[in-house]
Amino acid sequence: MKLQILVVAGDGIGPEVTGEAVKILKAVGELGGHDFTFREALIGGVAIKAKGTPLPAETLDVALESDAVFLGAVGGNEFNSLPPDRRPEAGLLQLRQALGGFANLRPSFAYSALTQNSPLRPEVVDGADILFVRELLGGLYFGEPRAWDREAGSAWNTMRYTREEVIRVARIAFELAGKRRKKLTSVDKANVLEVSQLWRATVTEVAQQYPDVTLEHQYVDACSMHLMNTPRNFDVVLTENLFGDILSDEAAVITGSLGMLPSATIGGQVNLYEPVHGSAPDIAGKGLANPLGAILTAAMLLRHSAGLEQDAVAVEEAVKSVLMEGYRTADLARGQQQNVLSTKEMGKQVYRTLCERIDR
Ligand code: NAD
Ligand code: IPM
Ligand code: MN
């Protein structure tokens, strides 16, 4: 297996967690005799500082030549007063658009070792296993017109979707639901928004091609409540860009920490892999970041870009086993004193466990 991976570590805890995920990918490559090559490039705040732009042309060129792109996180407080199109986050949005992936897969899983970590009661989260399919290239993030008219004191963004954009992401969600528990919840705000009415009508139409999958619709406000009340009732959740951004962070509560959540963006020219969390300026540079979201993102890369399902599962099992052994990063410690590890130490534990598993 040959794979060229571009690593764009970005800002804040991005480089810290990415370092651990890359070690895991390298271990899988070496143990399995795969030819994984890694290149690095700048994105986000570090790119603004070095090159004056959040997505330098050379980063984009190398990304488009790669088989997969692994991103840490972008953003930092020092850039918060910049206009949206010059901020670190703009670099990420431009990269997403250029790579073309429109289906952002965000699994949220209640690890049995972590049921005490969720503020929700164990009997509520136990067994929860949700896959969000977040549309990633449309909606308010990219819709035109958009502007802030400072003189007039008004600002606007446009939530726009075409039927084709809804159909292509819905197909991916139905396919994935068909391989899981065969239930799809489509989330919208069709009681208020025309764009959501188009969304709902189109998803309903696509459903006819997937008779084995049960489709239900929920309004986004109610969904945000049901997710916390009855997370086990969800299988695949399909939704538009901004709703998916919000609901997937909310779903971190089921797992116990935002630092646990991985993501993969598929459907375009080059797949993009990024943990769900951001650059976490509050803990950056302290070795406190949880690298497991990034490591689980590496597992998604093995699954969706390398076709190495067994190795992806081995990484996921190694994470579970390290958690079962009681190891925690600070975000998961909840008063625990022993076996609270730094980012690097947690990476090392997963590495050790993975090597034992792959050797066997
Ligand atoms: P955030 O995800 O960075 O942090 C939210 C909270 O979760 C913080 O308390 C943080 O310490 C904690 N957290 C996040 N990841 C963690 C990890 N791996 N281990 C332990 N704790 C973790 O969100 P924010 O604070 O709202 O945003 C900070 C910056 O990150 C902003 O500039 C934002 O735009 C950016 N951001 C980037 C991405 C991305 O690059 N994909 C995603 C989200 C936010
Ligand atoms: C995410 C982030 C990004 C988004 C930002 C940083 C552009 O919050 O990946 O969830 O809103 O998509
Ligand atoms: Mn987000």
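What counts, and where the lines are drawn
- Residues numbered from 1 in each chain as written.
- Chains lettered and ligands numbered in written order.
- Predicted model: local features only at pLDDT ≥ 70, side-chain atom pairs only at ≥ 80, totals over all residues.
- Helix = DSSP H or I, 4+ residues; strand = E, 2+ residues; numbered from the N terminus.
- Rg over C-alpha atoms; globule rule 2.2 N^0.38 Å.
- Contact = placed C-beta atoms within 7 Å.
- Near = placed C-beta within 6 Å.
- Nonpolar A, V, L, I, M, F, W, Y, C, P; charged D, E, K, R; others polar.
- UniProt positions renumbered as here; feature names shortened; annotations may be inferred.
- Buried ≥ 20, exposed ≤ 12 C-beta atoms within 10 Å, placed from the backbone.

(A) Structural view of the overall build of the protein. What the protein contains, in helices and strands, is 14 helices and 14 strands. For 360 residues, the compact-globule formula gives about 21 Å, and the C-alpha radius of gyration of the protein, at 20 Å, lands near that figure. By its C-alpha atoms, the protein is 55 × 50 × 40 Å across when sized along the principal axes. Taking contacts inside the protein between residues at least 6 apart in sequence as the whole, the part at least 24 apart equals 74%.

(B) Focus on the site of ligand 1. Taken together, 22 residues form the shell around ligand 1, and within it Gly75, Gly259, His277, Gly278 and Asn290 come nearest. Split by residue class, the shell around ligand 1 holds ten nonpolar, eight polar and four charged.

(C) Broad picture of the site of ligand 2. Taken together, the residues surrounding ligand 2 are Gly75, Glu89, Leu92, Leu93, Asp245, Val276 and Gly278. Looking at the shell around ligand 2, the element that brings in the most residues is helix H4 (residues 88-99), giving three residues. In terms of residue class, the shell around ligand 2 is made up of three nonpolar, two polar and two charged.

(D) Seen up close, the UniProt feature "site: Important for catalysis" (unreviewed entry) in the protein. Mapped onto this numbering, the UniProt entry annotates "site: Important for catalysis" (unreviewed entry) at Tyr141 and Lys189. Relative to the elements of secondary structure, Tyr141 occurs in the loop between strand S5 (129-135) and strand S6 (147-149). The contact partners of Tyr141, leaving out residues within four places of it in the chain, are Leu93, Asn241 and Leu242. Structurally, Lys189 is set in the loop between strand S8 (183-188) and helix H7 (194-207). Residue classification places Lys189 among the partly exposed positions, given that 18 C-beta atoms sit within 10 Å.

(E) Spotlight on helix H9 (residues 241-250). Three or more residues of H9 are buried, namely Asn241, Phe243, Gly244, Asp245, Leu247 and Ser248. Where the residues of H9 are buried, they touch strand S4 (103-109), S5, S8, helix H8 (220-229) and strand S10 (236-239).

(F) Geometry of the UniProt feature "binding site: Mg(2+)" (unreviewed entry) in the protein. The UniProt record annotates "binding site: Mg(2+)" (unreviewed entry) at Asp221, Asp245 and Asp249. Residue placement: Asp221 occurs in helix H8. According to the C-beta neighbour criterion, Asp221 is exposed, with 12 such atoms within 10 Å. On the secondary structure map, Asp245 appears in helix H9. Residue classification places Asp245 among the buried positions, given that 20 C-beta atoms sit within 10 Å.

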